[in-house]
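Commentary on secondary and tertiary structure
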There are 4 protein chains.
Amino acid sequence: MPSEVIELSGHIIDSWTLPRAWDVIMDRGGNFDVEEMRVGTSKTETSYARLKVTAPNDETLELILSELQQFGAVLLHGNDVQIAVVEQNGVLPSKFYSTTNLPTQVRLHGQWVNVENIEMDVAIAIDQANNRAYGKPMHEVRAGEQVVTGHDGIRVQPFERARERESFAFMQSNVSSEKAKVLAIHEIARQMKETRAHNSKILFVLGPAVIHTGAGRYVADLIRRGYVQVIFGGNAIITHDIESALFGTSLGVDLRSGEQVEGGHRNHLRAINAMRAIGSVEQAIATGLLKEGIMYEALQHNVRVVLAGSIRDDGPMPGVINDMQEAQKQMRQALQGVEMAVMIASMLHAIATGNLLPATVRTVVVDINPSVVTKLADRGSFQAAGLITDAELFLRELAEALS
Amino acid sequence: MPSEVIELSGHIIDSWTLPRAWDVIMDRGGNFDVEEMRVGTSKTETSYARLKVTAPNDETLELILSELQQFGAVLLHGNDVQIAVVEQNGVLPSKFYSTTNLPTQVRLHGQWVNVENIEMDVAIAIDQANNRAYGKPMHEVRAGEQVVTGHDGIRVQPFERARERESFAFMQSNVSSEKAKVLAIHEIARQMKETRAHNSKILFVLGPAVIHTGAGRYVADLIRRGYVQVIFGGNAIITHDIESALFGTSLGVDLRSGEQVEGGHRNHLRAINAMRAIGSVEQAIATGLLKEGIMYEALQHNVRVVLAGSIRDDGPMPGVINDMQEAQKQMRQALQGVEMAVMIASMLHAIATGNLLPATVRTVVVDINPSVVTKLADRGSFQAAGLITDAELFLRELAEALS
Amino acid sequence: MPSEVIELSGHIIDSWTLPRAWDVIMDRGGNFDVEEMRVGTSKTETSYARLKVTAPNDETLELILSELQQFGAVLLHGNDVQIAVVEQNGVLPSKFYSTTNLPTQVRLHGQWVNVENIEMDVAIAIDQANNRAYGKPMHEVRAGEQVVTGHDGIRVQPFERARERESFAFMQSNVSSEKAKVLAIHEIARQMKETRAHNSKILFVLGPAVIHTGAGRYVADLIRRGYVQVIFGGNAIITHDIESALFGTSLGVDLRSGEQVEGGHRNHLRAINAMRAIGSVEQAIATGLLKEGIMYEALQHNVRVVLAGSIRDDGPMPGVINDMQEAQKQMRQALQGVEMAVMIASMLHAIATGNLLPATVRTVVVDINPSVVTKLADRGSFQAAGLITDAELFLRELAEALS
Amino acid sequence: MPSEVIELSGHIIDSWTLPRAWDVIMDRGGNFDVEEMRVGTSKTETSYARLKVTAPNDETLELILSELQQFGAVLLHGNDVQIAVVEQNGVLPSKFYSTTNLPTQVRLHGQWVNVENIEMDVAIAIDQANNRAYGKPMHEVRAGEQVVTGHDGIRVQPFERARERESFAFMQSNVSSEKAKVLAIHEIARQMKETRAHNSKILFVLGPAVIHTGAGRYVADLIRRGYVQVIFGGNAIITHDIESALFGTSLGVDLRSGEQVEGGHRNHLRAINAMRAIGSVEQAIATGLLKEGIMYEALQHNVRVVLAGSIRDDGPMPGVINDMQEAQKQMRQALQGVEMAVMIASMLHAIATGNLLPATVRTVVVDINPSVVTKLADRGSFQAAGLITDAELFLRELAEALS
């Protein structure tokens with residue numbers, strides 16, 4: 001029977017990497033012997049396992065090895081990464097390697113090289129001249145470029161659960177709505193402070209319910225206090241934010257009284273129309289027309305805002321990007337340096353951002369609808385910790401916890 | 001074609017009583033002429049309509065009239081209520097009249113008499129000697145008692161929407177989770193103050209998530225400040241309340257750290273066992289074993305607590321009523337004088353309470369799961385205003401709004 | 001006190017137009033006298049009411065009249081529609097009239113003219129030369145065009161509930177999941193047959209769960225049998241449809257066994273890559289690469305397919321429109337002649353389509369998540385009847401009911 | 001540092017018992033060496049691990065060992081189980097051992113004895129004379145009885161995932177509603193056939209939505225075909241079942257037309273009243289009054305029916321048990337021999353049954369609301385596989401798959 005010896009190292013016990021690797025081997029019809037196993041004796045010490053994997057035939061062995069790779073397995077005797085040349089713009093070679101959102105390395109000329117700009121479901125482009133490797137979406141590859149194929153010479157660093165339990169881990173195990181939220185919110189506040197303490201960026205992904213529920217003021221407050229460096233959203237959030245700044249309503253509902261105001265259904269269109277007339281939100285601020293709200297604070301505090309349109313948009317508002325590839329491109333750029341993401345009441349933009357985020361970015365998804373969290377996890381953003389609660393009460397509590 | 005003249009009066013325009021009456025007439029195949037119509041010209045003035053209802057045959061006319069009754073229609077030339085004698089304990093005469101939860105009157109000896117203890121789906125018992133009428137559940141009727149049958153001589157006062165819009169009305173129209181909650185919570189606080197200002201009682205119906213989420217302290221606070229006169233709940237809420245008072249956990253989760261404590265899954269059983277050993281919660285307080293929590297505060301402040309068991313209970317805790325008819329009976333008694341009900345994170349007890357509440361009791365249902373609100377409305381408690389949000393953050397905000 | 005006499009006619013009793021009009025008058029602080037009222041005596045006969053509306057001042061009267069307009073009120077002595085000229089491309093005059101999705105007429109030179117291409121939240125452009133009026137989205141208006149402003153000379157035909165109750169109406173009243181579904185599905189089937197019998201078009205809006213749940217085959221079947229003329233969807237539905245046709249998987253899950261296949265997470269990218277390599281789906285069919293599935297059947301049976309991209313897309317698949325204004329434009333064109341819309345398991349595309357659909361198009365929204373139906377209703381698509389159920393079991397039953 | 005050597009055996013790799021044991025050791029602050037490890041080389045061969053567990057102090061070691069016990073760990077040198085005598089009826093000794101729902105053994109006189117009637121959260125009573133051990137609820141223990149305390153001499157057999165993946169396992173991992181349901185339903189049908197083939201019993205737990213959705217006929221059909229041996233439910237399911245048999249309605253809605261019938265809101269009370277008048281459902285069948293429905297078929301086919309009341313009940317219907325301890329007792333008896341449980345559209349009864357079911361009973365929970373599945377899992381019934389779908393369409397498909 002064909003066999004191969006692999007090594008796994010890191011927090012493979014705590015992070016369940018080892019048992020998941022065993023699962024894969026046995027589910028695919030192979031077997032293994034534990035040749036050596038060392039368990040880290042302190043919280044920071046890593047563990048190590050060397051397994052001899054056997055399979056009934058070469059094909060199955062190959063298949064098993066390629067899956068083990070996702071858990072960080074490395075062949076004792078490995079090869080360089082395999083490469084093919086793109087022949088047609090925007091089309092990958094048929095055996096292209098498709099990334100996960102985990103930190104990934106490729107072996108070039110016998111050395112492990114980090115893949116830059118890693119995200120889910122992209123190809124890896126190789127720059128031989130500079131000995132570099134990049135994550136690259138399918139539609140951006142150009143004829144002549146080299147991209148990685150097959151499974152050789154690829155090393156993925158699995159998601160490692162820290163030994164010390166943290167709220168995130170605790171929440172992750174469960175989409176239950178019957179848990180203490182204030183505790184979790186204070187833990188999120190702590191992590192935001194920590195993130196800012198070493199000058200990393202925090203991303204907020206915002207859905208329009210943030211405005212409808214009257215919680216825009218808390219986001220504005222967080223911006224002023226330096227807890228927001230990047231904002232992703234759509235046409236709706238900016239429209240209702242400006243509607244609320246100009247008319248005090250959101251979708252025509254007065255945010256102070258909760259009542260539908262007369263003609264209020266027109267207000268979001270009036271807000272868009274006003275910005276289109278003046279040319280841009282920046283111009284509206286410059287002329288003193290726009291004096292408050294999330295967009296106002298964001299532009300005053302140099303927050304990077306990427307607003308991506310969608311087919312359900314009215315208008316659109318100036319500044320909203322209508323070409324989806326262009327929007328993704330700008331989102332990718334804005335994600336540089338982001339170490340924490342807080343997604344609130346936004347299904348479309350949360351999933352879109354989830355697709356682009358490396359698994360190393362701490363991600364919190366806040367929604368009153370548990371299905372949003374389930375959908376994110378179903379689509380591979382397993383690092384996302386879900387908090388099933390109200391946008392308004394969450395933000396109010398978060399703002400308080402941070403002050 | 002047979003016809004009959006009926007009168008409708010009250011806020012029949014604002015409350016849509018009139019159009020709903022028209023609907024019934026036409027849906028059942030009848031028709032009508034508006035013989036007279038007067039619209040109230042101020043917020044407090046009532047309106048009046050006199051309709052001549054026609055139908056293709058007597059049977060249909062009868063059917064229409066009986067339905068119009070639910071909207072408060074009164075025949076110009078009416079009869080006394082019809083009565084039959086109960087022949088078997090706990091069994092009604094076959095043509096028994098089944099109540100709604102709306103204020104109801106019956107005509108006895110030519111006079112309209114209020115039906116006392118009205119609730120949904122009960123019979124009306126008549127006490128001829130004292131000229132009184134009572135709502136009475138089927139299993140409580142005794143042979144020899146008189147109960148109302150048919151449709152004659154019954155007048156129902158429809159649910160009337162006040163002319164001034166209030167938050168309750170606004171919320172009622174919608175189970176949307178995308179609305180401003182803080183506003184609604186402040187409106188609830190205002191109504192609680194108002195209710196207490198004229199010495200009426202406020203009922204809290206509590207599910208165990210109130211404790212799991214760490215919100216028990218806010219309820220305890222509301223009790224101390226006199227905003228809770230009656231509590232309905234089950235075995236779970238009392239068990240976890242006492243578990244939290246004795247061990248600091250709820251279902252084994254530490255309420256301060258959010259972590260599962262070792263052996264914590266036993267804590268709810270230990271709490272029950274401790275109370276069973278000492279005999280009662282009252283005794284536990286007397287001996288100084290129980291020093292905090294909802295039950296502690298409730299007993300210290302003479303709050304009427306009715307705890308009804310269910311088949312999913314462990315234990316049960318002393319004080320929990322295990323016979324369902326007995327539990328309903330005590331709940332009925334405790335509801336005397338209640339003018340406002342706040343139901344939090346409890347499906348079973350909320351629906352059970354909804355069955356017993358007259359429609360005149362202001363009812364707020366707070367749950368993170370919209371289906372609870374939908375279920376209540378489906379079961380006839382249309383007066384319930386739903387707030388789709390988190391128990392913990394709701395209670396925290398409510399406690400703040402009331403201070 | 002200023003006053004004005006208005007007329008309301010049509011099914012104003014059954015459709016509750018009259019009581020809603022009264023509500024508006026009184027909510028805004030006005031009052032009314034019913035000068036004349038005639039109730040239709042048969043199912044097809046319409047009703048009529050003439051009201052004298054009074055208000056404390058001219059401003060309030062104006063406000064009331066503009067709202068009554070939405071219910072179809074017409075001033076006894078009316079004026080022509082008011083018009084302003086667009087001064088800047090893509091920017092409306094500040095007093096622009098914003099449409100509902102209800103059938104609308106404007107008075108030009110004393111005559112009522114239908115507004116063509118009506119949809120929610122657009123402006124009305126006037127073509128004086130040809131005596132025509134059009135719904136037009138803000139971003140499409142050009143300098144020099146005339147658009148409607150203010151409230152004069154506009155007549156809206158309110159949504160009229162037919163006297164005969166139908167399943168749609170029944171469903172509308174309720175987002176309950178505790179209702180008989182098979183009955184409702186058979187009613188939908190009946191309406192689809194009826195729609196096809198007079199050669200009108202049926203639109204299907206499809207989300208990817210249709211494929212994930214293995215229900216693609218039923219949609220393919222409905223296409224073959226002529227029950228689908230237009231399909232709206234996104235990158236995901238086409239990608240998984242083609243993934244399933246090429247590899248038998250959807251998001252890597254084998255649709256026959258329900259198991260995750262090895263390397264399956266790459267399959268959706270492989271499907272996109274294959275189509276990009278060959279150039280288009282049409283080409284893939286021509287060369288025999290693609291032989292089954294929804295896209296295959298759609299293209300074989302001349303179904304109009306509009307696929308609109310979004311920021312969460314991988315790829316994208318050839319044929320998916322990435323510019324949102326272009327996508328909306330093509331959706332608007334494709335909606336010509338559509339009389340019935342069935343939206344399945346798609347939140348984004350359902351809301352986007354809801355924005356474009358006139359209220360006269362019968363609309364069914366099928367989703368296992370009640371919040372989708374709530375969101376549609378919140379956003380104005382009140383004509384949408386929701387069915388809270390499973391995409392797969394719904395489609396299986398529908399296909400059976402239609403055969 | 002104190003240490004102890006433990007053994008784990010069984011499918012400890014596939015079932016993740018081993019990694020979970022490691023987790024516990026490290027989470028509690030201990031450490032371990034793998035002294036020996038053998039991995040089963042075929043699907044049926046078990047694995048074995050011997051670990052030396054160390055901890056900073058005796059207390060922590062004790063704590064770790066007690067938790068490892070839940071995973072089936074056995075001390076190399078073990079003692080007999082510890083026992084205390086009950087001093088007060090219905091009150092346990094303070095150090096009582098609280099069970100899981102996993103198969104459990106206790107060591108009596110050096111021998112491992114199976115604990116009979118195991119369920120979640122009960123005590124273990126010891127019958128020294130007959131060398132037997134029983135699960136016993138707190139309220140049933142009597143003064144003088146011996147119950148298990150502490151952690152010595154207890155062996156729990158962890159839940160073992162079979163090597164061959166099955167639909168159940170696949171479903172378990174996920175509460176997603178975006179999966180193929182028909183596949184899963186056919187797998188459930190296969191397991192039902194298998195269960196019946198070796199003469200084991202199948203339990204159905206039914207909520208009233210089964211009747212409201214018109215799916216009662218499918219359950220009746222399954223009973224006739226021998227696929228139902230035990231039914232658990234409440235007052236609502238029997239009431240609406242009989243309402244539907246007598247009047248063709250459920251909660252007043254005609255099950256053939258989906259329309260609310262006149263006076264239909266009384267029908268459920270009329271159904272209860274009719275049974276109360278005749279004395280029992282059995283009598284109603286004997287006299288020919290009741291001729292169809294679930295109860296009719298159940299009684300004709302000797303299905304064991306346990307109906308447990310709740311505080312939201314009208315009536316109640318004869319046969320419904322109103323004392324909760326009595327109801328639990330009868331449910332416990334009826335569960336003897338049950339190997340598979342199918343719970344449909346019932347939250348209260350599903351959770352109550354989950355509390356009583358050993359983990360070895362295959363359990364399927366069908367509900368359109370994902371929170372029911374989450375709640376069951378939160379409360380310890382981890383063996384429950386959830387299917388998020390419609391009761392009616394599920395039962396229709398199941399009935400078809402079984403024929």
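None of the values given here were measured: they were computed from a predicted structure.

1. Comments concerning the relation of the copies chain C and chain A
- Mapping chain C onto chain A is achieved by rotating through 180 degrees and translating by 0.0 Å along the same axis, at an RMSD of 0.0 Å. A rotation of that kind, with that shift, is consistent with a two-fold axis. Minimal C-alpha distance to the rotation axis in chain C is attained by Asp 323 of chain C, lying at 2.3 Å.
- Same-surface contact between copies: 100% of interface residues of chain C are shared with the interface of chain A.

2. A word on the sheet that holds strand E13 (residues 230-233) of chain D
Residues and elements named next belong to chain D.
- Pairing within the open sheet is parallel, and its six strands lie in the order E16-E13-E12-E17-E18-E19. Each end of this open sheet is capped by a strand with a single partner; those strands are strand E16 (304-307) and strand E19 (384-388). Strand-to-strand, the axes of this sheet are offset by a mean angle of 15 degrees, without reference to chain direction.
- Bridge analysis of strand E18 (residues 362-367) against E19 gives five bridges, and the strand direction is parallel. Bridge assignment links Val 366 to a residue of E19, and that residue is Leu 387.
- Where helix H4 (residues 181-197) meets the sheet, it contacts strand E12 (201-206), strand E17 (338-344), E18 and E19, and its direction lies at approximately 135 degrees from that of E12.

3. Details of the interface of chain A and chain B
- With 28 residues of chain A in contact, the opposing surface of chain B contributes 27 residues.
- For the pair chain A and chain B, the two sides together bury roughly 2,300 Å², of which 57% comes from carbon and sulfur.
- There are six salt bridges connecting chain A and chain B.
- If you look at where chain A meets chain B, you find 10 residue pairs in polar contact (both at pLDDT 80 or more).
- Of all elements in the fold, only helix H4 (181-197), helix H5 (209-212) and helix H14 (391-401) of chain A reach the threshold of two or more residues within the side of chain A that touches chain B.
- The dominant element in the side of chain A that touches chain B, judged by the number of residues it contributes, is H14 of chain A, at six residues.
- Along the lines of polarity and charge, the residues of the side of chain A that touches chain B split into 10 nonpolar, six polar and 12 charged.

4. Points about the relation of the copies chain A and chain B
- The transform that puts chain A on chain B rotates by 180 degrees and translates by 0.0 Å along the axis, for an RMSD of 0.0 Å.
- A share of 96% of the interface residues of chain A reappears at the interface of chain B, consistent with the copies meeting face to face through the same patch.

5. Some details on the sheet that holds strand E3 (residues 47-54) of chain C
Residue and element names in this part refer to chain C.
- Strand order in the open sheet formed by four strands is E2-E3-E1-E4, with antiparallel pairing between adjacent strands. Each of the sheet's edge strands pairs with one partner strand only, and the pair in question is strand E2 (31-38) and strand E4 (74-75).
- Sheet analysis places E2 next to E3, joined by seven bridges and oriented antiparallel. Note that in E3 the partner of Arg 38 across the bridge is Tyr 48.
- Packed onto the sheet, helix H2 (residues 58-69) meets strand E1 (3-10), E3 and E4 and runs at close to 10 degrees relative to E1.

6. Brief notes about helix H1 (residues 17-27) of chain B
- Counting buried positions over the 11 residues of H1 of chain B gives nine, a clear majority of the element.
- Those residues of H1 of chain B lying buried are Thr 17, Leu 18, Pro 19, Ala 21, Trp 22, Asp 23, Val 24, Ile 25 and Met 26 of chain B.
- Those residues of H1 of chain B that are buried are in contact with strand E1 (3-10), strand E2 (31-38), strand E3 (47-54) and helix H2 (58-69) of chain B together with helix H1 (17-27) and E2 of chain C.
- Of the residues one or two after H1 of chain B, Gly 29 of chain B is the one with positive phi, at around 95 degrees.

7. A word on helix H4 (residues 181-197) of chain B
Residues and elements named next belong to chain B.
- Its 17 residues place the ends of H4 24 Å apart at the C-alpha level, agreeing with the 24 Å of an ideal helix rising 1.5 Å per residue.
- Those residues of H4 not exposed but buried are Lys 181, Val 182, Ala 184, Ile 185, Glu 187, Ile 188, Ala 189, Gln 191, Met 192 and Thr 195.
- The positive-phi residue at the C-terminal boundary of H4 is Asn 199, with phi of around 65 degrees.

8. A closer look at the packing of aromatic side chains
- Scanning the entire structure with this criterion turns up six aromatic pairs over all chains.
- With a centroid separation of 5.3 Å and 5 degrees between ring planes, the pair formed by Trp 22 of chain A and Phe 32 of chain A is classed as stacked. Remark: Phe 32 of chain A occurs in strand E2 (residues 31-38) and Trp 22 of chain A occurs in helix H1 (residues 17-27); sequence separation between them is 10 residues.
- Using a relative accessible area of 3% as the deciding quantity, one classes Phe 32 of chain A as buried.
- Where Trp 22 of chain A meets Trp 22 of chain D, the ring centres are 6.2 Å apart and the plane angle is 65 degrees; that geometry is what we call edge-to-face. Residue Trp 22 of chain A is located in helix H1, and its partner Trp 22 of chain D is located in helix H1 (residues 17-27); the two belong to separate chains. By the burial criterion, Trp 22 of chain A is buried, and Trp 22 of chain D matches it.
- Among the aromatic side chains, those forming a connected cluster through ring pairs are Trp 22 and Phe 32 of chain A together with Trp 22 and Phe 32 of chain D.
- It is Arg 266 of chain A that lies over the ring of Phe 96 of chain C; its NZ or CZ is 4.6 Å from the centre.

9. What about the environment of Val 122 of chain C?
Residues and elements named next belong to chain C.
- Its location among the elements puts Val 122 in the loop between strand E7 (111-116) and strand E8 (123-127).
- The class for Val 122 is buried, based on a relative accessible area of 4%.
- Taking the C-alpha atoms as reference points, Val 122 and Ala 341, 219 residues apart in sequence, are found 21 Å from one another.
- Non-local contacts of Val 122, meaning those with residues more than four positions away in its chain, are made with Tyr 97, Ser 98, Thr 99, Gly 135, Lys 136, Pro 137 and Arg 332.

10. A short note on the pairing of strand E18 (residues 362-367) of chain A
All names here are of chain A.
- Burial runs high along E18: five of the six residues are buried.
- Looking at chain direction, strand E17 (residues 338-344) and E18 are connected through five bridges and run parallel. Across the sheet, Ala 341 pairs through a bridge with Thr 363, a residue of E18.
- Crossover connection from E17 via helix H12 (residues 347-356) to parallel E18: handedness right-handed.

11. A few points about the interface of chain C and chain A
- In this complex, chain C contributes 52 residues to the contact, which on the side of chain A involves 52 residues.
- Roughly 4,600 Å² is buried in total at the junction of chain C and chain A, and carbon and sulfur atoms are behind 54% of that figure.
- At the level of elements, H2, helix H8 (267-278), helix H11 (324-334) and helix H12 (348-356) of chain C are the ones that each hand at least two residues to the side of chain C that touches chain A.
- In the side of chain C that touches chain A, the residues fall into 20 nonpolar, 20 polar and 12 charged.

12. What to know about unusual backbone geometry
All names here are of chain B.
- Following Gly 315, the chain continues to Pro 316 via a peptide bond in cis, the omega torsion being 0 degrees.
- Secondary-structure assignment places Pro 316 in the loop between strand E16 (304-307) and helix H11 (324-334).
- At Asp 121, a position not held by glycine, the phi torsion is positive, near 60 degrees.
- One can find Asp 121 in the loop between strand E7 (111-116) and strand E8 (123-127).

13. Thoughts on the confidence of the model for chain A
- Residues of chain A with pLDDT of at least 70 account for 92%, and the chain-wide mean is 88.
- Overall fold confidence (pTM) sits at 0.86, and the ipTM for the predicted complex is 0.88.

Rules of the game
Residues numbered from 1 in each chain as written. Chains lettered and ligands numbered in written order. Predicted model: local features only at pLDDT ≥ 70, side-chain atom pairs only at ≥ 80, totals over all residues. Heavy atoms only, no water. Least-squares fit on C-alpha atoms with pLDDT ≥ 70 in both. Contact = heavy atoms within 4.5 Å. Pairing = 2+ DSSP bridges. Helix = DSSP H or I, 4+ residues; strand = E, 2+ residues; numbered from the N terminus. Axes fitted to C-alpha atoms, helices over the stretch in contact; angles between N-to-C directions. Buried area = accessible area lost by both parts, 1.4 Å probe. Salt bridge = Lys/Arg side-chain N within 4 Å of Asp/Glu carboxyl O. Polar contact = N/O pair within 3.5 Å; in protein donor to acceptor, adjacent residues only side chain to side chain. Nonpolar A, V, L, I, M, F, W, Y, C, P; charged D, E, K, R; others polar. Buried < 20%, exposed > 50% of the residue type's maximum accessible area, 1.4 Å probe, protein only. Expected span 1.5 Å × (residues − 1). Phe/Tyr/Trp six-rings, centres within 6.5 Å; stacked < 30°, edge-to-face > 60°. Lys NZ or Arg CZ within 6 Å of the ring centre and 35° of its normal. Right-handed = clockwise from strand over helix to strand, strands pointing away. pLDDT = per-residue confidence, 0-100.

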